[in-house]
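Residues per chain, in single letters:
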Amino acid sequence: MPTCFIHPTTLSIIGTSKGLRTALEGCRKAAKENDPVLFQGEIGTGKLLLATYLHDEGAQHDKTLYVVDCAQPHGIIQKLLSEDFNINYFEFLSGGSFYFREVASLSLEDQKRLYHFCLRIEPLKIRIFLSSSQNIHFLMLDKAFDQNLYRYVGQWEISIPPLRQRKEDIPLLIEHLIENLNLRLRKSVQGLTPQAEQILTSYRWPGNIEELEQVLTRAILLGNEPYISQRHLRGYLLSSDYENTINDVMPLDRMEEILLKSALERYGYTLEGKKRAARALNISLATLYNKVKRYNLNE
Ligand SMILES: Nc1ncnc2c1ncn2[C@@H]1O[C@H](COP(=O)(O)OP(=O)(O)OP(=O)(O)O)[C@@H](O)[C@H]1O
């Protein structure tokens with residue numbers, strides 16, 4: 001059976017970045033219309049979450065949002081695209097929304113069929129959402145996306161930037177996800193050590209928020225400690241990306257802050273620990289205190 005997704009009554013969309021705010025603003029504007037909408041963004045960036053938000057804000061809000069995954073080779077999509085499919089099957093969805101996930105994973109032939117399916121169900125007044133993690137504009141240039149389908153959804157396009165381009169959202173998302181995971185997994189994790197936080201903020205997140213959620217879930221399940229530390233993350237982040245995190249070119253003062261944090265984590269925040277950290281960094285204790293104050297590094 002396909003996924004049938006009844007919209008939640010309260011949605012938590014976390015983040016303050018410009019990219020996310022622009023996407024939300026796009027949803028609010030699009031919610032006033034009934035035209036099809038294309039959601040673009042890398043995997044796990046929150047396309048379905050934003051479509052749910054748009055659905056909730058629009059005229060469809062008290063109806064169902066129905067998700068069809070086009071990337072599933074033997075899913076409902078194949079039945080739905082067959083010419084003899086009886087569209088009356090979807091009468092129950094009348095006035096609601098259809099969300100076709102990963103539409104670019106369909107063959108060109110199936111994209112054409114999807115376009116005709118959308119036209120056939122028009123009398124049911126179901127709003128159409130398409131999502132794609134591939135850039136549809138590039139696919140169009142390569143003639144790998146159906147022109148009619150593109151024109152059909154081209155009017156409203158909402159793009160969500162990858163997490164690495166909106167790093168200011170990462171700490172907020174971490175806090176939100178830990179809170180949710182604590183409830184779900186009956187744990188009481190309080191947060192991350194500064195070094196673990198630094199790793200998660202610098203990491204490239206190829207799988208975006210979905211990956212962040214998975215990494216935190218594993219760390220919480222296996223860590224069994226009040227704070228998630230670097231130790232709990234190793235092995236979960238893709239190793240090459242993890243290395244990039246460490247080797248990334250970054251401003252010198254940021255690098256200094258990271259090295260200070262790492263020394264304090266290793267030797268501790270006590271007076272004795274600070275003395276040892278200062279010795280390891282080859283600076284005086286007074287300089288270390290100044291820098292701790294400057295970067296607000298007290299535990
Ligand atoms: N801004 C956000 N605030 C809170 N949670 C978020 C946010 N963005 C995404 N998530 C969460 O991350 C997970 C992935 O989001 P979602 O399924 O919407 O991504 P997607 O881009 O549609 O994924 P896919 O590419 O696999 O289709 C979900 O659990 C979602 O609730």
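Residues numbered from 1 in each chain as written. Predicted model: local features only at pLDDT ≥ 70, side-chain atom pairs only at ≥ 80, totals over all residues. Heavy atoms only, no water.

1. Some details on empty space enclosed by the protein
Argument step 1. The full count for this structure, using the stated rule, is 1 cavity of 30 Å³ or more.
Argument step 2. Computed from the structure, the largest cavity encloses a volume of approximately 30 Å³.
Argument step 3. As for the largest cavity, its lining consists of Val189, Ala219, Ile220, Gly223, Asn224, Glu225, Tyr227, Ile228 and His232.
Argument step 4. At the level of secondary structure, the elements contributing two or more residues to the lining of the largest cavity comprise helix H9 (208-223) and strand E8 (227-228).
Argument step 5. Sorting elements by how many residues they give to the lining of the largest cavity places H9 first, with 3 residues.
Argument step 6. Split into classes, the residues belonging to the lining of the largest cavity amount to 5 nonpolar, 3 polar and 1 charged. (1 Å grid on protein atoms, 1.4 Å probe; cavity = no way out; pocket = protein on both sides within 12 Å on 5 of 7 lines; lining within 4 Å. Points joined across faces, edges and corners; volume = space filled by probe spheres on them. Helix = DSSP H or I, 4+ residues; strand = E, 2+ residues; numbered from the N terminus. Nonpolar A, V, L, I, M, F, W, Y, C, P; charged D, E, K, R; others polar.)

2. A look at the nonpolar core
Argument step 1. Membership of the largest hydrophobic core comes to 33 residues, with the highest contact counts inside it found for Leu80, Phe90, Phe98, Phe100, Leu114, Phe117 and Leu130.
Argument step 2. Looking at this core, the elements that each hand over two or more residues are strand E3 (65-69), helix H3 (76-81), strand E4 (97-101), helix H4 (108-120), strand E5 (127-132), helix H5 (136-141) and helix H6 (147-153).
Argument step 3. Beyond its immediate sequence surroundings of up to four residues, Phe90 is in contact with Tyr66, Leu80, Phe85, Phe98, Phe117, Leu124 and Ile126.
Argument step 4. Ranked by size, the runner-up nonpolar core spans 22 residues in total, among them Leu177, Leu200, Ile209 and Ile228. (Core = buried A, V, L, I, M, F, W, Y, C linked by side-chain atoms within 4.5 Å. Buried < 20%, exposed > 50% of the residue type's maximum accessible area, 1.4 Å probe, protein only. Contact = heavy atoms within 4.5 Å.)

3. Notes on the domain arrangement of the protein
Argument step 1. Annotation of the protein at the domain level lists domain 1 (3-161), domain 2 (167-248) and domain 3 (251-299).
Argument step 2. On a C-alpha basis, the centres of domain 1 and domain 3 stand 50 Å from each other. (Domains from an automatic or database assignment.)

4. Details of the site of the ligand
Argument step 1. Around the ligand, 16 residues are found, and the nearest of them are Ile14, Lys47, Leu48, Leu49 and Arg101.
Argument step 2. Measuring from a nitrogen atom of the ligand, one finds a backbone N or O atom of Ile14 at 2.8 Å.
Argument step 3. At 3.0 Å from an oxygen atom of the ligand is found a side-chain nitrogen or oxygen belonging to Glu213.
Argument step 4. For the ligand, whose unbound accessible area comes to 630 Å², protein coverage reaches 85%.
Argument step 5. When atoms are counted within 2 Å of each cavity's grid points, the one that captures over half of the ligand is the largest pocket.
Argument step 6. When contributions to the shell around the ligand are tallied by element, the ones reaching two or more residues are helix H2 (47-57), E4 and H9.
Argument step 7. Looking at side-chain class alone, the shell around the ligand contains 8 nonpolar, 4 polar and 4 charged residues. (Near = heavy atom within 4 Å. Polar contact = N/O pair within 3.5 Å; in protein donor to acceptor, adjacent residues only side chain to side chain. Areas by Shrake-Rupley, 256 points an atom, 1.4 Å probe, with all protein chains shown as cover. Sits in = over half its atoms within 2 Å of the grid points.)

5. Details of the environment of Asp169
Argument step 1. Tracing the sequence through the fold places Asp169 in helix H7 (residues 169-185).
Argument step 2. In this structure Asp169 comes out as buried when scored by relative accessible area, which is 0%.
Argument step 3. Between the alpha carbons of Asp169 and Thr16 there is a distance of 6.2 Å; along the sequence they are 153 residues apart.
Argument step 4. Apart from residues lying up to four places away in sequence, Asp169 is in contact with Gly15, Thr16, Ser17 and Leu20.

6. Observations concerning the pattern of salt bridges
Argument step 1. Here the structure, examined in full by the defined rule, presents 10 salt bridges.
Argument step 2. Glu42 is paired through a salt bridge with Arg164; the nearest N and O atoms lie 2.5 Å apart. Linking Glu42 in the loop between strand E2 (37-40) and H2 with Arg164 in the loop between strand E6 (156-159) and H7, this pair joins segments that are 122 residues apart in sequence.
Argument step 3. A salt bridge links Glu256 to Lys291, with the shortest nitrogen-to-oxygen separation between them at 2.8 Å. (Salt bridge = Lys/Arg side-chain N within 4 Å of Asp/Glu carboxyl O.)

7. Here we look at helix H13 (residues 271-281)
Argument step 1. Regarding H13, the residues found buried are Gly273, Lys274, Ala277 and Ala278. Buried residues of H13, viewed axially, fall in a sector of 135°; they line one side.
Argument step 2. Those residues of H13 that are buried lie in contact with helix H12 (252-267) and helix H14 (285-294).
Argument step 3. Looking one or two residues past H13, Asn282 carries a phi angle of roughly 60°, positive in sign. (Arc of directions from axis to C-beta.)

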